[in-house]
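# Geometric and topological summary
Here is how the chains run, residue by residue.
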Amino acid sequence: MQTIQNPKDYRMPPYRSVFDAQLIRRILKLLTPERLLLFVSSPRFKDPTSPWPNLDQVEKWYGTRYHKQSILTSTMTRWNTDSISSEFRIPARNPFVARNLQVLPHPLCHRAQNPSFMRYLSRVRTEHCSFNYPQLLWADTGLSLWWKRELNFRTPKIYVDLLLGTPLLSQTPRKAAIALLFKHLVLSQVNDALYPGKLAGFGATLTTPLSGVQLKVHGYSYTQAVVRMMNIILNGKGV
């Protein structure tokens, strides 16, 4: 704390960072087996039949029993001579990373450059401003598709809300419980496939309200990634 110059750093971790290639190389060179401190913890150590050494020392403050020893020379030699495991590799290309972050032009683009007009536009709510309200793009038996442009924040983001309406879930507690179990089963099944999407700034939720099954996908307005997220959940597996 004596070296901290910014008072804000007392309330949260330092957020400033400067790339220093030489410093990174120096630190990497220090990561050697000889400087390794290996901690092994297990409830099996209390088992008298355990092959681990006896816990012959007692920690000063909490009375925790422990044992300390040097790493075997044979182990140290193997760590210094073995090649890097094939399990350490660069991840495959993330298919969810957005390739196009272009913001669509404002519907009133000829006036969108006027700051005073944009402030007015963010406040006005009249029938003449139809883009302030969702628009019905498609309507059919059992299906309606609504769409609305977000004009206030002007960011390349998208939010998809898909509701599969059905009265079955509200008929009996048993059906509601089955729907809840189904939701958890699907999310558990697709968790690994959705993880790259979360790293790329996308998210998806699946819920089972009494009105039906609801799927929400949000992230960047990159159509391929959004469709991929939805297909993973709807198919119940990675694609």
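What counts and what doesn't
- Note that residues are indexed from 1 along each chain, following the sequence as it is written.
- For a predicted model such as this one, the threshold for reporting local features is a pLDDT of at least 70, and the threshold for listing and counting side-chain atom pairs is 80 or more; totals across whole chains, interfaces and linings nevertheless cover every residue.
- To obtain the side-chain values, all non-hydrogen atoms of the structure were used and water was disregarded.
- Runs of H or I in DSSP of at least four residues are treated as helices and runs of E of at least two as strands, each being numbered from the N terminus.
- For each residue, the accessible area found with a 1.4 Å probe, counting protein chains only, is set against the maximum for its type, and the residue is called buried under 20%, exposed over 50%, and partly exposed in between.
- Any pair of residues with heavy atoms lying within 4.5 Å of one another is described as a contacting pair.
- Both site types are read off a 1 Å grid over the protein atoms alone. A 1.4 Å probe that fits but cannot get out defines a cavity, while an open set with protein on both sides within 12 Å along at least five of seven lines defines a pocket; lining residues have an atom within 4 Å of a point.
- Grid points are joined across faces, edges and corners, and a volume is the space filled by probe spheres set on the points.
- Amino acid classes used here: Ala, Val, Leu, Ile, Met, Phe, Trp, Tyr, Cys and Pro are nonpolar; Asp, Glu, Lys and Arg are charged; the rest, including Gly, are polar.
- When DSSP finds at least two bridges between two strands, those strands are taken to pair.
- Comment: axis = line fitted to C-alpha atoms, over the contacting stretch for helices; angle = value between 0 and 180 degrees taken between N-to-C directions.
- Throughout this description, any angle smaller than 35 degrees is read as roughly parallel, any larger than 145 degrees as roughly antiparallel, any in the 65 to 115 degree range as roughly perpendicular, and the remainder as oblique.
- By convention, the crossing between two helices is left-handed when the near helix turns anticlockwise from the far helix through less than a right angle, and right-handed when the turn is clockwise.
- Whenever two N or O atoms come within 3.5 Å, that pair is a polar contact, provided that in protein one can donate a hydrogen and the other can accept it, and provided that, for residues adjacent in sequence, both atoms are side-chain atoms.
- Like-charged residues are merged into a patch within 9 Å and nonpolar side chains (Val, Leu, Ile, Met, Phe, Trp, Tyr) within 5 Å, provided each residue has over 30% relative accessible area and no salt bridge.
- Surface exposure here means Shrake-Rupley accessible area, sampled with a 1.4 Å probe, where a residue is shielded only by the protein chains that are shown.
- Whenever a carboxyl oxygen of Asp or Glu lies within 4 Å of a side-chain nitrogen of Lys or Arg, that contact is scored as a salt bridge.
- Nonpolar core, defined: a set of buried Ala, Val, Leu, Ile, Met, Phe, Trp, Tyr and Cys residues in which side-chain atoms within 4.5 Å join the residues together.
- Pairing of aromatic side chains requires ring centres within 6.5 Å, counting the rings of Phe and Tyr and the six-membered ring of Trp. Pairs whose planes differ by under 30 degrees are stacked, by over 60 edge-to-face, and all others tilted.
- Look at NZ for Lys and CZ for Arg. If either is within 6 Å of the ring centre and within 35 degrees of the ring normal, a charge sits over the ring.

Along the protein, the regular secondary structure elements total 5 helices and 7 strands. Scanning the protein from its N terminus toward the C terminus, one meets helices and strands in the order α-β-β-α-α-β-β-β-α-β-β-α. Residues classed as buried in the protein amount to 19% of the 239 residues present. Intrachain contacts of the protein at a sequence separation of at least 6 include 52% that bridge at least 24 residues.

Next up on the list: the layout of surface pockets. When its volume is computed, the largest pocket comes out at roughly 1400 Å³. If you trace the largest pocket, you find 34 residues lining it, with Trp146, Trp147, Ile158, Tyr159 and Val160 closest to the centre. With 9 residues, the single largest contributor to the lining of the largest pocket is strand S5 (residues 157–165). Residue classes in the lining of the largest pocket are distributed as 19 nonpolar, 9 polar and 6 charged. Along the wall of the second largest pocket there are 23 residues; nearest its centre are Leu38, Phe39, Val40, His67 and Lys68. Counting only elements with at least two residues in the lining of the second largest pocket, the list comes to strand S2 (65–66) and helix H2 (73–81).

What follows concerns the pairing of strand S7 (residues 212–220). Summarising the sheet, S5 and S7 pair through 9 bridges and their orientation is antiparallel. Its bridge partner lying in S7, Leu163 is registered against Gln214. The pairing of strand S6 (residues 203–207) with S7 spans 5 bridges and is antiparallel. Across the sheet, the residue bridging to Leu206 is Leu215, located in S7. Joining the antiparallel neighbours S6 and S7 is a turn of 4 residues.

Let us now look at the packing of helix H4 (residues 173–199) against helix H5 (residues 223–235). Working note: a packed helix pair is described by the angle between its axes plus the distance between those axes. Remark: H4 packs on H5, axes separated minimally by 9 Å, with the N-to-C direction vectors making an angle of 160°. Relative to H5, the element H4 is oriented roughly antiparallel. Note that H4 runs across H5; the crossing there is right-handed. Mapping the contact onto sequence places Val186, Val190, Ala193, Leu194 and Gly197 in H4 and Met229, Ile232 and Ile233 in H5. A class-by-class count of the residues in the contact of H4 with H5 yields 7 nonpolar, 1 polar and no charged.

Here we take up the side chain of Gln214. With respect to the helices and strands, the residue Gln214 is situated in strand S7. Looking at Gln214, its side chain comes within polar contact range of the side chain of Asp161, at 2.9 Å. Every residue in contact with Gln214, bar those within four places of it in the chain, is listed here: Asp161, Leu162, Leu163, Thr205, Leu206, Thr207 and Pro209.

Residues Phe19, Leu23, Ile24, Ile27, Leu28 and Leu31 make up a contiguous nonpolar surface patch of roughly 650 Å² in combined accessible area. Following the sequence through the fold, Ile27 ends up in helix H1 (residues 21–30). In this structure Ile27 comes out as partly exposed when scored by relative accessible area, which is 44%.

This next bit is on the nonpolar core. Counting 18 residues, the largest nonpolar core has Phe96, Leu194, Phe202, Leu215, Val217, Met229 and Ile233 as its most contacted members. Sorting the residues of this core by element identifies H4, S6, S7 and H5 as the ones contributing at least two each. Filtering out sequence-adjacent residues up to four positions away, Phe202 remains in contact with Phe96, Gly197, His218, Gly219, Tyr220, Tyr222, Ala225, Val226 and Met229.

Right, let's talk about H1 for a bit. Buried residues are scarce in H1, accounting for 0 of its 10 residues. For H1, the side-chain oxygen to backbone nitrogen distance between the N-cap and Gln22 is 3.2 Å, and the N-cap itself is Asp20.

A few words on the packing of aromatic side chains. Evaluated as defined, the whole model comprises 1 aromatic pair. Where Phe202 meets Tyr220, the ring centres are 6.1 Å apart and the plane angle is 75°; that geometry is what we call edge-to-face. Highlighted residues: Phe202 in the loop between H4 and S6 and Tyr220 in strand S7, separated in sequence by 18 residues. A cation over an aromatic ring shows up here: Lys157 above the ring of Tyr220, its NZ or CZ 5.2 Å from the ring centre. Here the basic side chain of Arg228 rests over the ring of Phe96, its NZ or CZ set 5.7 Å away from the ring centre.

Geometric values such as these leave the question of function open.
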